[in-house]
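# Architecture and fold: a report
The lines below spell out each chain.
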Amino acid sequence: MEQYRERLKDKKRIVVKIGSSSLQHPETGDLDYIKLEVLVRELCNLKNQGKDVVLVTSGAIAQGKKVMHLKEEDINEHNRIAIKQACAAIGQSRLMMTYERIFSEYNQITAQILMTKNTIVDDLNRYNAHNTFSQLLAMGVIPVVNENDTVATYELEMDNDTLSAIVAALIDADLLILLSDIDGLYTDDPRKNPDARFVEIVEELNDTYMDMGKGSTGSSVGTGGMNTKLTAAKIATKAGADMLIANSKDIRIIHRLMDGRNYGTLFVAKKDEDFDLPGFVSRLKK
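Not measured: the values here are computed from a predicted model.

### Focus: the pattern of salt bridges
The final tally for this structure, using the stated rule, is twelve salt bridges. When the shortest N-O distance is used, the salt bridge between Asp-242 and Arg-7 registers 4.0 Å. Linking Asp-242 in strand E9 (residues 242–247) with Arg-7 in helix H1 (residues 2–7), this pair joins segments that are 235 residues apart in sequence. Residue Glu-37 pairs with Arg-41 through a salt bridge whose shortest N-O separation is 2.8 Å.

Now the structure itself:
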């Protein structure tokens, strides 16, 4: 296992995903500016080491709901999609404005990229998205990616765990880091089963590991459970990227992971030359 961790130091193109619950104060739902500042500093430090960096961020819908003082009881089946799309439109600009302000303090240029399933499934859209990412990275920019919930319908169900893995595959990244509210993969849900064992490394993502996925994270803010993280691992590893699940309680874990220290669960890349990314995405549940 040690050699796998050592290899993380040499990764050149890194996608980092952070979830909604990691960006907010649980008491109020407002943005945690300290965490955001540390996240940006960590990413800029990676960039200063000569690495390509992409951030996939959640939080737009949650921020829009917060600004509009919306509670779950205000949302019913009839207006659910429309309200979420409206909240995404409100929250996305506020979230990006915050990122832009903090990144600028480190003299780092960012770009916003909003994606849907169709970005990947459609050949021309996928080609254009790949070219845009490639050019931005060549220009030294850190792209900030979110799902385009404002125009999406069924795409609202595509979580950002899966999106981040799709981005990693699209841009030929060699590492994906999922920052979450859990330490990594367990044999069972540790919140419910005290005998659940922590899994430090997954060298081959077989059905036994996939069956460990649970639908709940214990968070009411995000949409991704362990199932979605394992789906992300399948995409990332087949595309040739290692993947890490790590706890975002201390965002500084990013540089510790990059130093090869033993945090989180490491999924080892098993590149599949026949992996069909658009085909896989099109089959994802709507």
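Picking up after the structure, the text goes on.
### Here's the deal with unusual backbone geometry
The backbone of His-69 sits at a positive phi, close to 60 degrees, despite the residue not being glycine. Along the polypeptide, His-69 turns up in the loop between helix H4 (60–67) and helix H5 (80–105). Note on His-69: relative accessible area 65%, which makes it exposed. Non-glycine residue Asp-172 carries a positive phi angle of around 60 degrees. By secondary structure assignment, the location of Asp-172 is in the loop between helix H8 (160–170) and strand E5 (175–180). Classification of Asp-172 as exposed rests on a relative accessible area of 55%.

Reading the values: rules and limits
Residues numbered from 1 in each chain as written. Predicted model: local features only at pLDDT ≥ 70, side-chain atom pairs only at ≥ 80, totals over all residues. Heavy atoms only, no water. Salt bridge = Lys/Arg side-chain N within 4 Å of Asp/Glu carboxyl O. Helix = DSSP H or I, 4+ residues; strand = E, 2+ residues; numbered from the N terminus. Buried < 20%, exposed > 50% of the residue type's maximum accessible area, 1.4 Å probe, protein only.

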